[in-house]
Amino acid sequence: MARAILHGTAVSSGIAVGRGFYRNHRPGPAPHILVPLESVETEALRLEDAANAVAAEFERAKASLPASLHDQTDLIDSHLLICRDPKLTGEALDRVRAQRMNAEWALEESVARIAEMFERIPFPYIRDRIQDVRAVADRIVRHLADAASFPETGGEKGVLLAHDLTPADSLGLSPQRLLAFITEQGGKTSHTGILARSLQIPAVVGVAGLSGEIRPGDLLVVDGLRGRVLVDPAESELAQAIERQEQFLSYQRRIRVSAPLPAETEDGHRLHVFANMEKADDAETALSAGAEGAGLVRTEYGYIARSTLPTEEELYREYSRLAAAMAPRRVTFRTLDVGADKIFSERRNLNEANPALGMRGIRYCMRHRDIFRTQLRAILRASAHGDTALMFPLVSGVTELRQAKSILNEAKQELDAAGVPFDASMPVGTMIELPSAVFTAEDLARESDFFSIGTNDLIQYSLGVDRDNRHVAHMHQPLHPAVVRAIKFVTDMAHKAGISVCVCGEMAADPLCLPVLLGMPVDAVSIAPQSIPAIKHLIRRSSMDENREMLHHVLAASTHQSINSMVLQSVYGRFPEDMAFFISSLVP
Ligand code: PEP
Ligand code: MG
């Protein structure tokens, strides 16, 4: 038996066997010292020097980033911004001066205040960015402790162990030497996962007790499919891991070969498979995974981790680069879907008790029309550079859709009057994420060019389950009868009106939900690029007769347990080999 088996969240698939080495070890608890009055300025200077040294380190990291990690440049830029953000270092300096806190303590207080603000943000992928703030602060603290350099281990390939990983931590790392990542912090949307997936190595994050259980040099099995780490495995466990690793690699090679082919079922039904993207730099990954376009561009990326709002020019440059990189494939931009406080600036702080039920999605844009108009103009201008579409998030009904479209029309008129080129017939879609949008789908369909069902939110709002609350995570059931019936109703209403339906939530990348969606039949799915080869592979080996038959039974079932077991039996029966290679959070 292994000396220890640790569990965490699998965020990048694969299995690796190798020895662990530490990097970016978290400093111990910060000392809390009341600085004597005469030393306050020296202490403030100490903090300033440490923050400047870290900023210089980020600059060097950016300049020396290996080619395979070039898409991390803007993430390092965001770390630079955090490092210089007055909320972090500026307020810490104020605390040193006004409250005579030592630098480490003052910085810890700044992070705590920022964390409180982030906790109120309803979007997990933005909320997770608090990890960036912590990582930058930890780095400054390490400089304060004069412990900022971390020796690399010898030339051997190894498993990188860290409290947390940020893009700047990739500084000096040679990707050829990395077998896998394990971190103590992090969730599904943390940078460790992003980094690991771009390097195509397994990663397990959120591993509690990592530093207590793993010593440098320990032999490890990292299972990025099941979210498990074996420390000092027994001979038999090692042999099993190596065999599973080989099977996984050969499976990946096989599905990659057919990834560029269309996703057509055995009996000739075509499903479009698009990628969920954030920025132009994602295009290469999406295209090489076999994406037929971008079904959801989460444009929030261009607004977060910066101290000022992006200008129309900046957005236009990024959007047109994305449209051109994906051309001739379609790129569907979702308009800004942020809303909670502190993302843009202090002045826009909303301080809501229930942010998920507050100023988010299209509501926020209707309130802040200047921000909305700037983005709409940028998207319209980008439409001249490729096949583009636009969709509005969190639409509650026809009134809101009409209001959003009228602002879009005004933006079109302005551009027209100024002689700026754009695609006047760019399709405009509605995201179906709220129960009210489901029930008014027939009306919405008459005024939309397409529907895109955001199942992450649709599940959250239909079942009343916070999508990121671990206490009710077991209730976040994509195959709940209410969800399945809602999707069926929306699909029928869309088809009756002659428009298409895409599903762009996580559900679409879940092999258990896929046959149900195919049976509806939805016209497209939009999923993370790394899920595309496997999902296309499954589609190509399924048949519409079976999918329709399954959906028929699913729609008649009254509990998610009965639907899950029905679907599980069928999917495992049809694709036994594939199921071993899906990340366990998707396959129960
Ligand atoms: C969704 O809600 O399913 C969706 C795709 O949007 P997001 O996850 O960005 O809210
Ligand atoms: Mg959503």
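### Topic: the environment of Asp492
No. 1: Tracing the backbone through its elements, the reader meets Asp492 in helix H18 (residues 481–496).
No. 2: Asp492 sits 30 residues away from Val522 along the chain, and the two C-alpha atoms are 9.3 Å apart.

### Here's the deal with helix H14 (residues 398–417)
No. 1: The terminal C-alpha atoms of H14, which comprises 20 residues, lie 28 Å apart, in line with the 28 Å expected from a rise of 1.5 Å per residue.
No. 2: Residues of H14 that are buried include every one of Val398, Glu400, Leu401, Ala404, Ile407, Leu408, Ala411, Lys412 and Leu415, and no others.
No. 3: Summarising the contacts, the buried residues of H14 are in contact with helix H12 (362–367), helix H13 (369–382), strand E12 (387–392), strand E13 (428–432) and helix H16 (441–446).
No. 4: Gly419 occupies a position one or two residues after H14 and carries a positive phi of about 70°.

### Focus on the nonpolar core
No. 1: Among the nonpolar cores identified, the biggest contains 147 residues, and Leu88, Ile140, Phe392 and Phe451 are the most heavily contacted of them.
No. 2: Residues within four places of Phe451 in sequence aside, it is in contact with Thr430, Ile432, Ala441, Leu444, Ala445, Val490, Ala494, Ile499, Ser500, Val501 and Cys502.
No. 3: The next biggest cluster of nonpolar side chains, apart from the first, holds 16 residues, and it includes Leu6, Ala16, Ile214 and Val229.

### Some points on the coordination of the magnesium ion (ligand 2)
Each pair of donors in an ideal four-coordinate tetrahedral metal site encloses 109.5 degrees, whereas pairs in an ideal six-coordinate octahedral site enclose 90 or 180 degrees.
No. 1: For the magnesium ion (ligand 2), the full set of protein donor atoms is Glu433 (OE) and Asp457 (OD), and the range of their distances to it is 2.0 to 2.1 Å. Of this pair, Glu433 sits in the loop between E13 and helix H15 (435–439) while Asp457 sits in helix H17 (residues 455–463), and the two are 24 residues apart along the sequence.

### Details of the site of ligand 1
No. 1: Among the 13 residues in the neighbourhood of ligand 1, the closest are listed as Arg298, Arg334, Glu433, Asn456 and Arg467.
No. 2: Within the backbone of Asp457, one N or O atom sits 3.0 Å away from an oxygen atom of ligand 1.
No. 3: Here ligand 1 loses 100% of its free accessible area of 290 Å² to cover by the protein chains.
No. 4: A class-by-class count of the residues in the shell around ligand 1 yields three nonpolar, four polar and six charged.

### Observations concerning the sheet that holds strand E11 (residues 330–334)
No. 1: Spatial ordering of the closed barrel is given by E9-E10-E11-E12-E13-E14-E15-E16, a layout of eight strands whose pairing is parallel. Each strand axis lies, on average, 30° off the axis of its neighbour in the sheet, ignoring direction.
No. 2: Examined bridge by bridge, strand E10 (residues 293–298) and E11 share four bridges and lie parallel to one another. Along E11, the bridge assignment pairs Val297 with Phe333.

### Here's the deal with the confidence of the model for the protein chain
No. 1: Per-chain confidence: the protein chain averages 87 in pLDDT, with 89% of residues scoring 70 or above.
No. 2: Scored below 50 in pLDDT, residues 147–153 shows 14 contacts in the model against residues more than four places distant or in partner chains.

### Comments concerning helix H9 (residues 235–258)
No. 1: Spanning 24 residues, H9 covers 36 Å between terminal C-alpha atoms, matching the ideal 34 Å at 1.5 Å per step.
No. 2: Along H9, the residues classified as buried are Glu237, Leu238, Ala241, Arg244, Phe248, Tyr251, Ile255 and Ser258.

### Some thoughts on unusual backbone geometry
No. 1: The residue after Ala327, namely Pro328, is reached through a cis peptide bond having omega 5°.
No. 2: Backbone torsion omega between Met520 and Pro521 reads 0°, so that peptide bond is classified as cis.
No. 3: Secondary-structure assignment places Pro521 in the loop between helix H19 (514–519) and strand E16 (524–527).
No. 4: Positive phi outside glycine occurs at Arg100, with the angle close to 60°.
No. 5: For Arg100, the position within the fold is in the loop between helix H3 (86–99) and helix H4 (103–119).

### As for the packing of aromatic side chains
No. 1: Scanning the entire structure with this criterion turns up two aromatic pairs.
No. 2: A ring pair is formed by Tyr319 and Phe333, whose centres lie 4.9 Å apart and whose planes are at 45°; its orientation type is tilted. Of the two residues, Tyr319 sits in helix H11 (residues 312–326) while Phe333 sits in strand E11, which places them 14 residues apart along the sequence.
No. 3: Here Tyr319 falls in the buried class, since its relative accessible area comes to 4%.
No. 4: According to the relative accessible area criterion, Phe333 is buried, its value standing at 0%.
No. 5: For the pair Phe372 and Phe392, a centre-to-centre distance of 6.1 Å together with 65° between the ring planes defines the contact as edge-to-face. With Phe372 in helix H13 and Phe392 in strand E12, the pair connects residues that are 20 residues apart, well separated along the chain.
No. 6: For the cation-ring pair, Arg381 lies above Tyr316, with the distance from its terminal atom to the ring centre recorded as 4.0 Å.

Definitions and cut-offs
- Residues numbered from 1 in each chain as written.
- Chains lettered and ligands numbered in written order.
- Predicted model: local features only at pLDDT ≥ 70, side-chain atom pairs only at ≥ 80, totals over all residues.
- Heavy atoms only, no water.
- Helix = DSSP H or I, 4+ residues; strand = E, 2+ residues; numbered from the N terminus.
- Expected span 1.5 Å × (residues − 1).
- Buried < 20%, exposed > 50% of the residue type's maximum accessible area, 1.4 Å probe, protein only.
- Contact = heavy atoms within 4.5 Å.
- Core = buried A, V, L, I, M, F, W, Y, C linked by side-chain atoms within 4.5 Å.
- Donors = N, O, S within 2.8 Å, 3.2 Å for Na, K, Ca; no water.
- Near = heavy atom within 4 Å.
- Polar contact = N/O pair within 3.5 Å; in protein donor to acceptor, adjacent residues only side chain to side chain.
- Areas by Shrake-Rupley, 256 points an atom, 1.4 Å probe, with all protein chains shown as cover.
- Nonpolar A, V, L, I, M, F, W, Y, C, P; charged D, E, K, R; others polar.
- Pairing = 2+ DSSP bridges.
- Axes fitted to C-alpha atoms, helices over the stretch in contact; angles between N-to-C directions.
- pLDDT = per-residue confidence, 0-100.
- Phe/Tyr/Trp six-rings, centres within 6.5 Å; stacked < 30°, edge-to-face > 60°.
- Lys NZ or Arg CZ within 6 Å of the ring centre and 35° of its normal.

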